[in-house]
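A structural walkthrough
Given next are the chains, with one letter for each unit.
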Amino acid sequence: MPAAEPVAAAPRRWYRWRMRRRSTLLLAGTLPLSLARPLARPALAQPAARDTLTIGITQFPSTFHPNIEAMVAKSYVLGFCHRPLTAYDADWKLVPMSCEALPTLENGLAVREEAPGGKPGLRLTYRLREGLRWGDGTPVSSADLRFAWEAGRDSATGFGGAEFYRSAHALDVVDARTVTLHLDKVTFDFASMGDFVPLPAHIERARWEADRHGYRSRSAYETETANPGLWNGPFRVAEVQPGAGVTLERNPEWRGPEPAFRRIRIRTVENTAALEAQLLAGQVDMVAGELGLPLDQTLALQRRTGERFRFAFRSGLAYEHIDCNLDTPILADRRVRQALLHAADRARINERLFGGKQTIAQTSVNPLDGVFDEGVRRYPYDPARAAALLEEAGWRPGPDGLRRNAAGETLSLSLMTTAGNRTREAVQQVLQGMWRQVGVETRIRNEPPRVFFSETMSKRRFAGLAQYAWLSAPEGVPRSTLHSDEIPRAERNWSGQNYTGFRNAEMDALLEALPIELDRDRRTALWHRLQAIYAEELPALPLWFYADAHIWPQWLEGVRPTGHLNLSTLWAEQWRGR
Amino acid sequence: MARLIAARLAQMAVLLALLSFAAYMLIGLMPGDPVDLAIMADPRLTAADAARLRALHGLDQPLLARYGAWALAVLHGEFGFSRLYARPAAAVLWPALGSTLVLLAASLSLAILVGVGLGALAALRPRLAPFVEALALLGQAVPTFWLGMLLIILFAVDLGWLPAGGEADAPGLLAALRFLALPVATLAIANLAAYARHSAAALETALREPWIRSARARGASEEQVLWRHAAPNAAVPVLTIAALDAGALVSGALVTETVFARPGMGKLIYDAVMGNDYNLALLALLLTAAVTVLSGLAADLAQRALDPRLRDA
């Protein structure tokens, strides 16, 4: 994705979905015990005064600065307190948040222009909503956007992704609420501002100018997190207990719909068994699906607790799949990859392990995405077809049932995933059994997530199959995982996420054409072709899109899970208690 | 005595220096650096971003040079910033240490009190010894996490008497005690077995010594024999175990802290090491080592106070 990354706005990129399913590590054995208990009665619940909502999540934000490091826990907390310019809503549509309107070519807020160097560029105009104020009463203004842009443009500041700031080569302040942004490229998602959010210049600018290198650690977001002037959402951070939780209070300067709760308590309980216990004991009212209990644990809880809680399962953009290292001779043959997918009964795994809640994936594009192709090639469970494909590829059954080629080599593959992830390990074992039935031997070789991602995957040191998940955004162009320029190599400092080593000239051309195709219909046609190639070539074996398991008290209404990185908390003012 | 303290403190300084070097090198040699971890969470970061961030954080320097810079800063009282919590490492550490020390003090006190009580019962009432032994074995055999979950299910979920975990939201001793009750009970039950068994054995041995017979011959009551003559002698091994436990529990209460979602040193060290948070991990490890050495020193001093023969050793 590096230099050729086509899209400026943040949500259009792919994220490695690593952190959020880090669940029961130490207490795996205790869960069956707790599940064996009959329905527990609420113990410490506070049914009377519902001015406080207590939410359990499994991760603590490592920073509260909106532009430093991307992590789900931070997005979850900041959703209550900090409004971005734009966001994707629960229907996966881009909507204005702190700006009045999305720029389009039609409404004149987006205008084509020539960027420096003669490149085609865009001029975008954003006007901040009237009445938007920081928690100390200071209006959110163009100066705040200007400061965020200046800080991001300066490499010394240390903001994470700099691609947007490289592309946004100029920002003009038109008036107190209006800015014009100049981009040096034209992409279909130009209106999405992603991580570019206003920062309170009246608090932060002086700190940044005094020490740009040290700004990351000197920012008021880190040193005075409870300063009301940092927050412009319906809530503001009132107290932080590092590693344990965050308390939010209603922001008196918020001019939007009044939130129903006076206080939100977010507790971090990393162990999911302990989190479940706190839910049952009434210490937390709800468990956020974005960072909550694994699906299997939630389903078991639902069976035991009946009507006590409301459960919602929202399919999201976390794409579970098995990467095939295409430089491995066995997997270089497309027929073997197709056979593996035909031999995997994903529907049965979904039914048995996940109560049928996951959405079976056909490619990396979620069926809920508007660009999904209903006619894409599918791989139903068909062991006979799998066997035929393997025969065709030259793999014949040996005396022990395992297939061998003409040279006598056994059809044996290593299958890796993140050690300690019980769900994945269970899936691995089922797949191992299913593939054994068609004569394919798989050797499970798991590694701790840190080794798996930092070394094995990022340096393409896996020899066969590797199972994990990506988290993307609606209509996220999968350039970083499918473009041949994105194959990690030592000379590129191992950047890129095309771990499979997939090389396909037509796919490369599509990935380059897609971001710059502004016409919806023509873009959809490109998407359909992309999915057709993916389904035919299978650089990775699609498994499913994870469903987030949300657990709410019966009295809570209005929470709309999104299934993507703009989390439900961005609309927290719509949450209501009955 | 002063020589002993000075020698131990000098020993501690050398130990901490060696430990800091070993820990820094080991963390540095683990796969992935903080920028790798950032890339994992946000693959939008490009190769150029990674290089820029590495240079910004000094990660492009050799490990030895980074250690030198860190050690120099520490000598000037600068412990650096925590990567995981985005605040000074010391500011993150002190609350965690405070929480752990409270847990540790309460659970060790309870374990010693109940354990020694059971040990004394076993020593004085040999008929009850098998029951005490069985109880001790049970306490030792039950895994901490399982015991913790059992207590949570019983007292928090089913009975609703106590919170399932976390820390008190409201100030006040009573609230704090309610949140402490289950983790303290879990740790105490897991540890009291050792105290019961060792104190029983030590008391049985002490009660067979000639000076006990002399004391009885002088007409001392059984109570006097036990508390004035036997107990001080039997206390020496118990103190040694307590000192070892104190050191181990500062960093080793990870399971209890995880089950009860209590931020403490064990969890902090685990998260810091796994998250490549050098500053925090090193400071926490050094502090743990210091607490271990100091508790050993305290045990030595207490033993000398109890046993005059050791004072001249």
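Residues numbered from 1 in each chain as written. Chains lettered and ligands numbered in written order. Predicted model: local features only at pLDDT ≥ 70, side-chain atom pairs only at ≥ 80, totals over all residues. Heavy atoms only, no water.

As a further point, take the overall build of chain A. Counting its secondary structure elements, chain A contains 18 helices and 22 strands. The C-alpha radius of gyration of chain A comes to 25 Å, within 12% of the 25 Å expected for a compact globule of 578 residues. The long-range fraction of contacts in chain A, counting pairs at least 24 apart against all pairs at least 6 apart in sequence, stands at 70%. Once the 74 positive and 68 negative side-chain charges of chain A are each reduced to a mean point, those two points are 5 Å apart. (Helix = DSSP H or I, 4+ residues; strand = E, 2+ residues; numbered from the N terminus. Rg over C-alpha atoms; globule rule 2.2 N^0.38 Å. Contact = heavy atoms within 4.5 Å. Lys, Arg positive; Asp, Glu negative; His and termini not counted. Charge placed at Lys NZ, Arg CZ, Asp CG, Glu CD.)

A word on the packing of helix H12 (residues 265–274) of chain B against helix H13 (residues 278–306) of chain B. Residue and element names in this part refer to chain B. Contact geometry for H12 and H13: axes closest at 8 Å, N-to-C directions at 140 degrees. Here H12 is positioned oblique relative to H13, judged by the angle of their axes. In this structure, H12 meets H13 at a crossing whose hand is left-handed. Within the contact between the two elements, H12 uses Met265, Leu268, Ile269, Ala272 and Val273 and H13 uses Leu280, Ala281, Ala284, Leu285, Leu287 and Thr288. (Axes fitted to C-alpha atoms, helices over the stretch in contact; angles between N-to-C directions. Parallel < 35°, antiparallel > 145°, perpendicular 65-115°, else oblique. Left-handed = near helix turned anticlockwise from the far one by under 90°.)

Residue and element names in this part refer to chain B. Here the domain parsing of chain B yields domain 1 (2–89) and domain 2 (93–310). Put simply, the middle of domain 1 and the middle of domain 2, counted by C-alpha atoms, are 33 Å apart. Taken together, the 28 residues of domain 1 in the interface contact 26 residues of domain 2. For the pair domain 1 and domain 2, the two sides together bury roughly 2,400 Å², of which 72% comes from carbon and sulfur. For the domain 1 face of the interface with domain 2, the top three residues by lost area are Arg8, Ile27 and Ala89, together amounting to 23%. In this structure, the connection of domain 1 to domain 2 is made through one salt bridge. (Domains from an automatic or database assignment. Buried area = accessible area lost by both parts, 1.4 Å probe. Salt bridge = Lys/Arg side-chain N within 4 Å of Asp/Glu carboxyl O.)

Quick look at the state of the cysteines now. Residue and element names in this part refer to chain A. Per the counting criterion, the structure on display carries zero disulfides over all chains. You can see Cys99 has no disulfide; the closest cysteine sulfur is in Cys81, sitting 20 Å from it. The class for Cys99 is buried, based on a relative accessible area of 0%. (Disulfide = S-S within 2.5 Å. Buried < 20%, exposed > 50% of the residue type's maximum accessible area, 1.4 Å probe, protein only.)

Take a nonpolar patch on the surface next. Taken together, the side chains of Leu110, Leu113 and Val114 of chain B define a hydrophobic patch exposed on the protein surface, amounting to about 260 Å² of accessible area. Mapped onto the elements, Val114 of chain B comes out in helix H5 (residues 89–124). (Patch = residues over 30% accessible without salt bridge, like charges linked within 9 Å, V, L, I, M, F, W, Y side chains within 5 Å. Areas by Shrake-Rupley, 256 points an atom, 1.4 Å probe, with all protein chains shown as cover.)

Ranked by size, the top nonpolar core spans 131 residues in total, and within it Ile55, Tyr76, Phe80, Phe196, Leu248 and Trp575 of chain A carry the most contacts. For this core, the leading source of residues is H5 of chain B, giving 12 residues. Looking at which domains feed residues into this core, each of domain 1 (2–89) and domain 2 (93–310) of chain B supplies at least three. Each residue touching Tyr76 of chain A, except ones within four places of it in the same chain, is listed here: Ile55, Ile57, Ile266, Met286, Ala288, Glu290, Leu567, Ser568, Thr569 and Trp575 of chain A. In this structure, Leu411, Phe453, Tyr534 and Ala540 of chain A belong to the second largest nonpolar core, which totals 73 residues. (Core = buried A, V, L, I, M, F, W, Y, C linked by side-chain atoms within 4.5 Å.)

Here we come to the pairing of strand E19 (residues 465–471) of chain A. All names here are of chain A. For E19, the buried fraction is high: seven of the seven residues fall into the buried class. Side chains Leu465, Gln467, Ala469 and Leu471 of E19 all project onto a buried face; the interleaved residues Ala466, Tyr468 and Trp470 project onto the opposite face, where all are buried too. Relative to E19, strand E13 (residues 309–324) runs antiparallel, the two sharing seven bridges. Following the sheet pairing, Asp323 is matched in E19 by Ala466. Pairing of strand E17 (residues 412–416) with E19, which is carried by two bridges, proceeds in the parallel orientation. The partner of Leu415 across the bridge, within E19, is Leu465. (Pairing = 2+ DSSP bridges.)

Turning to the UniProt feature "transmembrane region" (unreviewed entry) in chain B, a few remarks are in order. Residues and elements named next belong to chain B. Here the UniProt feature "transmembrane region" (unreviewed entry) sits at residues 12–30, 101–123, 135–157, 177–196, 234–260 and 280–302. The distance from the first to the last C-alpha atom of residues 135–157 is 26 Å, and the span holds 91% helix and 0% strand. Along residues 177–196 the backbone is 100% helical and 0% strand, and the end-to-end C-alpha distance reaches 25 Å. (UniProt positions renumbered as here; feature names shortened; annotations may be inferred.)

A few words now on the environment of Ala6 of chain B. Examined against the element boundaries, Ala6 of chain B turns out to sit in helix H1 (residues 2–29). With 88 residues separating them in the primary sequence, Ala6 of chain B and Trp94 of chain B have C-alpha atoms 26 Å apart.

Residues and elements named next belong to chain A. Of all the six residues making up strand E8 (residues 178–183), six are buried; the element is thus mostly covered by neighbouring parts of the structure. Where burial is concerned, the two faces of E8 agree: the one with Thr178, Thr180 and His182 and the one with Val179, Leu181 and Leu183 are both buried. Where strand E6 (residues 120–127) lies against E8, six bridges are found, and the strand directions are antiparallel. In the strand pairing of E8, Arg123 is matched with His182. Relative to E8, strand E7 (residues 168–175) runs antiparallel, the two sharing six bridges. When the sheet's bridge partners are listed, Asp175 is paired in E8 with Thr178.

Turning our eyes to something else, we now look at unusual backbone geometry. Residue and element names in this part refer to chain A. A positive phi angle, close to 50 degrees, is found at Glu475, a residue other than glycine. Here Glu475 is to be found in the loop between E19 and helix H16 (479–482). Classification of Glu475 by relative accessible area gives buried; the value is 6%. Even without a glycine there, the phi angle at Leu538 is positive, about 50 degrees. The residue Leu538 is located in the loop between helix H18 (520–537) and strand E20 (540–553) in this model.

What follows covers the confidence of the model for chain A. Residues and elements named next belong to chain A. Averaged over chain A, the pLDDT score is 88; the fraction of residues at 70 or greater is 91%. Within chain A, the element-level pLDDT minimum falls on strand E1 (residues 15–16), averaging 36, and the maximum on helix H11 (residues 334–343), averaging 98. With pLDDT under 50 throughout, residues 1–48 is counted as low confidence; its partners more than four residues away or in other chains account for 175 contacts. (pLDDT = per-residue confidence, 0-100.)

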